[in-house]
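# Coordinate inspection notes
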Amino acid sequence: MRHRILLTGSPGSGKSASIVALADIFPQNKVYAFDFQDGITPLLIARGEPPPTLKLIRVVEDDIEIAWTQLKADFAMARAECGEGDWICSDMADVPWEMAQRFYVMRKYKMELADYLLEVGTDEKRQGRKIGFGGLEPDDWTVGIRPQYYLTIPRTLGAGCAASIIVTAGLKDVGSW
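A count of helical and extended segments in the protein chain gives eight helices and five strands. From first element to last, N terminus to C terminus, the protein chain shows the α and β order β-α-β-α-β-α-β-α-α-α-α-β-α. By the burial criterion, 41% of the 177 residues in the protein chain qualify as buried. Taking the contacts inside the protein chain whose residues are at least 6 apart along the sequence as the reference set, 69% of them involve residues at least 24 apart. About 9,600 Å² of surface is accessible on the protein chain, with carbon and sulfur atoms providing 57% of the total.

Packed helices, taken two at a time, are described by their axes: the angle between them and the distance between them. For the pair helix α3 (residues 64-81) and helix α4 (residues 94-109), the least separation of the axes is 10 Å and the interaxial angle reads 125°. It follows that α3 is oblique to α4 by the angle criterion. Handedness of the α3/α4 crossing: left-handed. Contacts from I64, E65, A67, W68 and L71 in α3 reach P96, M99, A100, R102, F103, M106 and R107 in α4. Residue composition of the contact of α3 with α4, by class: nine nonpolar, no polar and three charged.

Judged by nonpolar contacts, the single largest core of 22 residues is most densely connected at Y32, F34, F36, V59, L71, I88 and M99. When residues of this core are traced back to their parent elements, those giving at least two are β2 (31-35), α3, α4 and β5 (164-170). The greatest single-element share of this core, amounting to six residues, is contributed by α3. Of all hydrophobic cores here, the second largest spans twelve residues; its members include L22, V31, I40 and L54.

Rules used in this analysis
Residues numbered from 1 in each chain as written. Predicted model: local features only at pLDDT ≥ 70, side-chain atom pairs only at ≥ 80, totals over all residues. Heavy atoms only, no water. Helix = DSSP H or I, 4+ residues; strand = E, 2+ residues; numbered from the N terminus. Buried < 20%, exposed > 50% of the residue type's maximum accessible area, 1.4 Å probe, protein only. Contact = heavy atoms within 4.5 Å. Areas by Shrake-Rupley, 256 points an atom, 1.4 Å probe, with all protein chains shown as cover. Axes fitted to C-alpha atoms, helices over the stretch in contact; angles between N-to-C directions. Parallel < 35°, antiparallel > 145°, perpendicular 65-115°, else oblique. Left-handed = near helix turned anticlockwise from the far one by under 90°. Nonpolar A, V, L, I, M, F, W, Y, C, P; charged D, E, K, R; others polar. Core = buried A, V, L, I, M, F, W, Y, C linked by side-chain atoms within 4.5 Å.

In structure tokens:
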């Protein structure tokens with residue numbers, strides 16, 4: 001049976017540790033863990049040796065073009081290699097959300113996301129029009145669009161894949177809904 005789980009909690013509540021525990025609980029299954037901000041790595045260092053079935057994929061986003069391309073390739077690899085009973089886990093769901101926005105704006109407008117949001121807001125307000133994004137203020141992306149993303153990412157990540165999915169998000173990320 002496949003599972004799609006959005007795991008939320010305050011900092012230090014054990015969301016990242018739950019991902020590592022999966023590999024201990026299901027030693028016969030693969031556990032792919034995408035670690036975006038070193039939430040999992042310190043846990044593995046502290047324990048001394050990672051579970052043998054845990055495949056840690058650290059995501060470094062220094063260059064958004066390279067990072068986004070690599071992330072898509074790594075997700076595709078995990079989906080292709082995982083089967084029934086295996087797990088694909090994405091720790092800190094806010095990071096790929098931010099990466100997706102940064103990549104899109106960089107590719108389409110050739111500027112950083114923050115610069116784009118400032119420019120759109122300034123231009124639209126100066127002209128007395130509604131802000132871009134279909135009338136949403138840039139801040140509305142956090143309270144309106146981001147929660148929908150968190151609810152759909154486990155399903156999207158697992159589309160066409162027999163593996164179960166866990167995505168973690170801190171309460172600061174989901175607390176507004």
